[in-house]
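One letter stands for each residue in the lines below.
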Number of protein chains: 2
Amino acid sequence: MQPILIAGKWRAAEAAGTFQAANPQTGTPLPEQFPTSTWPDVDAALNAAASAFQQLKRLPTAKIAAFLRDYAERIETNSEKLCAAANAETGYPLKPRLAEVELPRTTNQLRAAAAAAEEGSWTRPTIDTKLNIRARFEPLGPVAVFGPNNFPFAFGSISGGDFAAALAAGCPVIAKANTSHPRTTQFFAELAQQAADASGLPAGTVQLIYRTSHVNGERLVADPRLGAIAYTGSRHAGLKLKTAADAVGKPIYLELSSVNPVVILPGALQERGEKLVDEFVTSALMGTGQFCTNPGLTLLLAGAATEKFLEAVAKRYTDAASGPLLSAGVADSLARGVEVLTQAGAKIVAGGKPPEAAGFRHANTLLRATAAQFIARPLELQTECFGNASLVVVAESVAELIGVLEKLEGNLTGCVYSDTAGSDDPTYDQIVPPLRERVGRLLNDKMPTGVAVSPAMNHGGPFPATGHPGFTAVGIPTAMPRFAMWACYDAVRESRLPDALKNKNPTGKLWRSIDGSWTTGDCG
Amino acid sequence: MQPILIAGKWRAAEAAGTFQAANPQTGTPLPEQFPTSTWPDVDAALNAAASAFQQLKRLPTAKIAAFLRDYAERIETNSEKLCAAANAETGYPLKPRLAEVELPRTTNQLRAAAAAAEEGSWTRPTIDTKLNIRARFEPLGPVAVFGPNNFPFAFGSISGGDFAAALAAGCPVIAKANTSHPRTTQFFAELAQQAADASGLPAGTVQLIYRTSHVNGERLVADPRLGAIAYTGSRHAGLKLKTAADAVGKPIYLELSSVNPVVILPGALQERGEKLVDEFVTSALMGTGQFCTNPGLTLLLAGAATEKFLEAVAKRYTDAASGPLLSAGVADSLARGVEVLTQAGAKIVAGGKPPEAAGFRHANTLLRATAAQFIARPLELQTECFGNASLVVVAESVAELIGVLEKLEGNLTGCVYSDTAGSDDPTYDQIVPPLRERVGRLLNDKMPTGVAVSPAMNHGGPFPATGHPGFTAVGIPTAMPRFAMWACYDAVRESRLPDALKNKNPTGKLWRSIDGSWTTGDCG
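Residues numbered from 1 in each chain as written. Chains lettered and ligands numbered in written order. Predicted model: local features only at pLDDT ≥ 70, side-chain atom pairs only at ≥ 80, totals over all residues.

### Notes on the overall build of chain A
Helices and strands together make up the secondary structure of chain A, namely 15 helices and 23 strands. Its C-alpha atoms give chain A a radius of gyration of 24 Å, near enough to 24 Å, the size a compact globule of 524 residues would have. Expressed as lengths along the three principal axes of its C-alpha atoms, the size of chain A is roughly 75 × 60 × 40 Å. Across the 524 residues that make up chain A, the buried fraction comes to 58%. Look at the contacts in chain A between residues 6 or more apart in sequence, and 73% of them connect residues 24 or more apart. (Helix = DSSP H or I, 4+ residues; strand = E, 2+ residues; numbered from the N terminus. Rg over C-alpha atoms; globule rule 2.2 N^0.38 Å. Buried ≥ 20, exposed ≤ 12 C-beta atoms within 10 Å, placed from the backbone. Contact = placed C-beta atoms within 7 Å.)

What follows is the structure, encoded as structure tokens:
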């Protein structure tokens, strides 16, 4: 049985049982046995994290930055081992996906977090010199990170964006591995602990458990020793954790589900139909469609160009091999989702069934429905089919298209493709207001699957895409204040203030809002 | 029966019954009958607010600013009428409290909100020129404001800080009057509607209902037409609304309860004991102690100076007249709170009982307990006694004092008084870390009852002081993003971007973060 990482040491779990991951390409279980932890493991992790937090608060942020950089370097040094583990557990190709895309994204993100931790402007120091009131964000406490199945590196619970943001904010992380890639997560945790030791971070800054019962998961997120929770995964499990955390007023940041509507307007289809077929299919089937921002719902206006587009997409879906899905659960859930869509009236245009091939798979599936059908059964027809299935909804008029948009739940993204000559502009102006307020990120002429790590990114959106529309899970430093409290100092003597709030700018580079103006200068 | 304000018109409620406020000075009911609205009233308000929101989004922010300024002016013009109504409903003195303190605070706040709306930097425009990704805060939708009983103007549901912040952010407000001052709220709503008409704001931008059943209150906060909720009031009612809002992922900002610990260190007591008696008593009994930031829990180290301090405070408590409490409910709840404290072992040093006087009152009450008692029964001994009752906890050692601090729930404020010569400094350094992480605002040598409207203010804090430690309810513009969503524009064509995110700075004064630097300049 594989060990867990608690308080700086790898040790045997107090396990209630074990589980194995499986190879998605073949469907066969992988050899390692991982423990399902009981409460004593979680309790020990919470104690160590609480103690680490008190020590971390006293350390210079440069130490945390050094840790993040050292960790990034160790990840690069061990790229081959990490990619091999992830390839076995996720079925993602070694190249380009794992080694050339996701791994560099992960290390870049850790280094961006290091820079942000060290530079400090993420704390938004705000000074009112007249009243001598000063405030900034300060770290909230240990953060439990529940990573998703689909990004073993970049959203991994001990390597990804939430981990990087929480650590850089000064919060220890208790990582709960995604159970579809425990071995990969374990390898990351080994490197993280080595880096923590090398950088002199307190034991318990980074910890790993693999699985708990639902009851213990809910107990963990409600624990007073915890500062916040970041969760990316299924809506069902996420909402259970949300209920538990909300009941005790614990900040929980959830990324739950999204169908990511894409509207392709007639002028664009006319202008560059073939190119759009290619863009769409590439984005929709990339990673077997297993992206949070996969374009799951495409909206078109009825007409010959739309029929041509659909035919071409259907052919591409049929011709392309069906990639592996991350787990038996993902394959089951995808099949169930397709069934919900067809039962609500959507017609299968391509695929629709699990193929006769080894491993966890579903045929590349394209479905279509009318806008009238969508408007009549909006909840069923916006069921997320996580994986390689896409619904196209065809509207008879712009008014009907708007009717569809007004029935959408909150989503991470919304895209509009329009022509460059301007014939689509009047429609664009009509459809964007209802779309804008329902999505965290609005795109033009671009598929939603690329989520750049930028301060201006929003990987978030209205419920149920996430739990709160004011926050993003991707983007350094914008994602960091999720793990902080607003801490005000009212008439606190200057010698006792944190350096960042003293009259003198501690580095000459820290951005502070002084009497309403942003400056890197001193007070007064 | 008094009318409600829906969709720009005063009209009769579809009432399930009526209620009257009472004069706290005498305990006698006031003449006006106010309706308890049924769901059709709430439903109509939600429809009108949703429609107003769509129109507001298209208006220049200068219109909202003009409204807020015009409203402030009308409040000043009608000061006498407003103060008379509030005096009758709250028992607060006309001067200085209502006319000279709370009313100017309220109009200043509205004008600060107007300036912030117009200036726009609260939206935190963030631009990544390299990737052409841009983001800012955009208004979330109609906001339901539940105002507290204790600030009929400055926290009033249609005049106070939440109202000002929501409106300035671009969100219509559905005000739920506090049932202890419906007449005052009605007068404000009349002025608000006049100002909205004069400024050409859409009908439904400001609306007022007085009371609903609990079931309909919970239905309101969970309604899809609503963007967010701001609530200030009792923990019990607030948590019920929180559960309803959380279940549908609706942002709800709560200010619930706080005992606002004040630590007075021995050196300070030695140095300026008499002055501290005066500061403490003034702050603790101001407004009959009915402040969210009332110093309800004072921590002292055992010794002769502490006994002298307590004697002097007790004498002042006994000598001072017991001011009126806001309602029969407040008086009952205060009596029950004092009982919880005494049953947990606290001893009454002064007061303790309702006095033989007309109106809603409780004797000024001072209680004491030992730190050992507090540590043994921390939950009971930090029961908020909203009103003129104060608990003093005496610790035998600094270690015991820290033990008390570590048992504290989240609070709005925490104060430390220390001497100017430095003898208290070693103790200060020990006690502040556990205090800091449990309070939103840390003060030195100053009572917590003044809550300045400053961008650096935090009127917030960890649960259960509020529902989320990252937000403040007071402070313009810092309180405004509570009512906004983070809205990203990814590769959106420049002509389609909001002006604030275009390359050119629209005013030359808007603060924007461009490629990590704050500037009022243009892109590139």
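Structure shown, so let's carry the discussion forward.
### Details of the domain arrangement of chain A
All names here are of chain A. For chain A, the assigned domains read domain 1 (46–256 + 472–481) and domain 2 (262–444). Spacing between the C-alpha centres of domain 1 and domain 2 amounts to 32 Å. Across the boundary between the two partners, domain 1 contributes eight residues, which contact eight residues of domain 2. (Domains from an automatic or database assignment.)

### What about the packing of helix H14 (residues 398–405) of chain A against helix H15 (residues 425–436) of chain A?
Residue and element names in this part refer to chain A. Direction vectors running N to C along H14 and H15 enclose 15°, while the axes themselves pass 9 Å from each other. In terms of orientation, H14 lies roughly parallel with respect to H15. Where H14 crosses over H15, the two elements pack in a sense that is right-handed. Of H15, the residues touching H14 (which contributes Val-398, Leu-401, Ile-402 and Leu-405) are Thr-427, Gln-430, Ile-431, Pro-434 and Leu-435. (Axes fitted to C-alpha atoms, helices over the stretch in contact; angles between N-to-C directions. Parallel < 35°, antiparallel > 145°, perpendicular 65-115°, else oblique. Left-handed = near helix turned anticlockwise from the far one by under 90°.)

### Some details on the sheet that holds strand E20 (residues 484–490) of chain B
Overall, mixed pairing links the twelve strands, which are arranged E16(A)-E17(A)-E18(A)-E15(A)-E14(A)-E19(A)-E20(A)-E20(B)-E6(B)-E5(B)-E21(B)-E22(B) in an open sheet. Whereas interior strands pair on both sides, the edge strands pair on one side only; in this sheet they are strand E16 (347–350) of chain A together with strand E22 (517–519) of chain B. The sheet shows a mean angle of 25° between the axes of neighbouring strands, direction not considered. The pairing of strand E6 (residues 133–139) of chain B with E20 of chain B spans seven bridges and is antiparallel. Along E20 of chain B, the bridge assignment pairs Pro-139 of chain B with Ala-484 of chain B. Contacts from helix H11 (residues 328–343) of chain A reach E16, strand E17 (365–370) and strand E18 (389–395) of chain A, with the element oriented near 20° to E18 of chain A. (Pairing = 2+ DSSP bridges.)

### Remarks on the interface of chain B and chain A
Across the boundary between the two partners, chain B contributes 51 residues, which contact 51 residues of chain A. When residues of the side of chain B that touches chain A are traced back to their parent elements, those giving at least two are strand E5 (126–128), E6, strand E19 (439–444) and E20 of chain B. Considering every element that reaches the side of chain B that touches chain A, the biggest residue donor is E20 of chain B, with seven residues. Residues of the side of chain B that touches chain A, tallied by class, amount to 29 nonpolar, 13 polar and nine charged. In terms of strand pairing, strand E20 (residues 439–444) of chain A meets E20 of chain B through three bridges, oriented parallel. (Nonpolar A, V, L, I, M, F, W, Y, C, P; charged D, E, K, R; others polar.)

### Overview of helix H2 (residues 61–77) of chain A
All names here are of chain A. In this model H2 runs 25 Å from its N-terminal to its C-terminal C-alpha over 17 residues, within 8% of the 24 Å that 1.5 Å per residue would give. Here H2 has its buried residues at Ile-64, Ala-65, Phe-67, Leu-68, Asp-70, Tyr-71, Ala-72 and Ile-75. For H2, the secondary structure elements touched by its buried residues are helix H3 (79–90), helix H4 (94–119), helix H5 (161–168) and helix H6 (182–199). (Expected span 1.5 Å × (residues − 1).)

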